Amino acid sequence: QLQFVESGGGLVQPGGSLRLSCAASGFTLDYYAIGWFRQAPEKEREGVSCISSSGGNTNYADSVKGRFTISRNNDKNTVYLQMNSLKPEDTGVYYCAVLTFGLCVFPMRPAASGSWGQGTQVTVSS
């Protein structure tokens, strides 16, 4: 199964930084494009960023471009999301997922064979 364990979230002040980690559970990430998604209360889940299987191609939502950086270390079977200059509107639960057809494009489409994990809570508040 395509499952992940997300970690690294927490409470930060506006302008602060966090680094989220997405560790694969039960499979290796080497051949998959991976996306980060987030969901705020009472809002739909939205795509934040994605990275190709090799790490050579990345894309970002306009709302986070220039502030967030996605990366991966296939040797560690982990994808990361470095979040800088955080804003209150970045608050939400962050999830990672395999992207269908290996496409790192917007809108991002999670693979049907995967399932959502618990995510990691990010709260940006003064």
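Novice: What should I look at first to understand the overall build of the chain in this one?
Specialist: Scanning the chain for helices and strands turns up zero helices and 10 strands. Counting from the amino terminus, helix and strand elements in the chain follow one another as β-β-β-β-β-β-β-β-β-β. Relative to its length of 126 residues, the chain is compact, with a C-alpha radius of gyration of 13 Å against a globular reference of 14 Å. Structurally, the chain occupies a C-alpha span of about 40 × 25 × 25 Å along its principal axes. Taking all 126 residues of the chain together, the buried fraction comes to 44%.

Novice: Sorry if this is basic, but what is going on with the nonpolar core here?
Specialist: Considering soluble globular proteins, one finds that nonpolar side chains tend to be buried as a cluster. Membership of the largest hydrophobic core comes to 28 residues, with the highest contact counts inside it found for Phe4, Trp36, Phe68, Leu81, Met83 and Tyr94. Counting residues in hydrophobic clusters, the runner-up holds seven residues, among them Ala33, Phe37, Cys50 and Met108.

Novice: Would you explain the sheet that holds strand β9 (residues 92-98) in this entry?
Specialist: Consider a sheet: its strands pair through backbone hydrogen bonds, and that pairing is either parallel or antiparallel. Strand order in the open sheet made by the six strands is β2-β10-β9-β4-β5-β6, with mixed pairing throughout. A single partner strand is all that each edge strand has here, and the edge strands are β2 (10-12) and β6 (58-60). Between one strand and the next, the sheet's axes are offset by a mean angle of 25°, whatever the strand orientation. Of the pairings in the sheet, the one linking β2 to strand β10 (residues 120-124) comprises three bridges and is parallel in character. What sits directly across from Leu11, in β10, is Thr123.

Novice: Looking at this structure, I do not really get the sheet that holds strand β3 (residues 18-25). What am I missing?
Specialist: The four strands are arranged β1-β3-β8-β7 in an open sheet whose pairing can be described as antiparallel. The strands lining the two open edges of the sheet, one partner per strand, are β1 (3-7) and β7 (68-73). Pairs of neighbouring strands in the sheet enclose a mean axial angle of 20°, with direction left out of account. Examined bridge by bridge, β1 and β3 share five bridges and lie antiparallel to one another.

Novice: How do you make sense of the packing of aromatic side chains when you look at a structure like this?
Specialist: Where two aromatic rings form a pair, the distance of their centres and the angle of their planes describe that pair. Throughout the structure, instances matching the rule amount to four aromatic pairs. Aromatic pair Phe4 and Phe27: ring centres 5.4 Å apart, planes at 80°, arrangement edge-to-face. With Phe4 in strand β1 and Phe27 in the loop between β3 and β4 (34-39), this pair connects stretches of sequence that are 23 residues apart. Judged by relative accessible area, which is 7%, Phe4 ranks as buried. Every member of this aromatic cluster is reached through a ring pair, and the members are Phe4, Phe27 and Tyr32. Over the aromatic face of Tyr95 sits the side chain of Arg45, whose NZ or CZ is 4.7 Å from the ring centroid.

Thresholds applied
- In this convention, every chain numbers its residues from 1, walking through the sequence in written order.
- This being a predicted model, a pLDDT of at least 70 is required before a residue's local features are given, and a value of 80 or more before pairs of side-chain atoms are given or counted; all residues contribute to the totals for chains, interfaces and linings.
- Processing note: side-chain calculations cover all non-hydrogen atoms of the structure and skip hydrogens and water entirely.
- Secondary structure elements follow DSSP: runs of H or I of four or more residues count as helices, runs of E of two or more count as strands, with numbering from the N terminus.
- Only C-alpha atoms enter the radius of gyration, while the globule expectation follows 2.2 Å times N to the 0.38, with N the number of residues.
- The classification of residues rests on relative accessible area computed with a 1.4 Å probe and restricted to protein chains. Under 20% of the type maximum is buried, over 50% is exposed, and intermediate values are partly exposed.
- Among buried residues, the Ala, Val, Leu, Ile, Met, Phe, Trp, Tyr and Cys ones that are joined through side-chain atoms within 4.5 Å form a nonpolar core.
- Strand pairing requires that DSSP identify at least two bridges connecting the strands.
- Axes here mean lines fitted to C-alpha atoms, for a helix over just the part in contact, with angles spanning 0 to 180 degrees between N-to-C directions.
- Ring pairs are drawn from Phe, Tyr and Trp, using the six-membered ring of Trp, whenever the two centres fall within 6.5 Å, and their geometry is named by plane angle: stacked under 30 degrees, edge-to-face over 60, tilted for the rest.
- Remark: a charge is flagged as sitting over a ring if the NZ atom of Lys or the CZ atom of Arg is within 6 Å of the ring centre and within 35 degrees of the ring normal.

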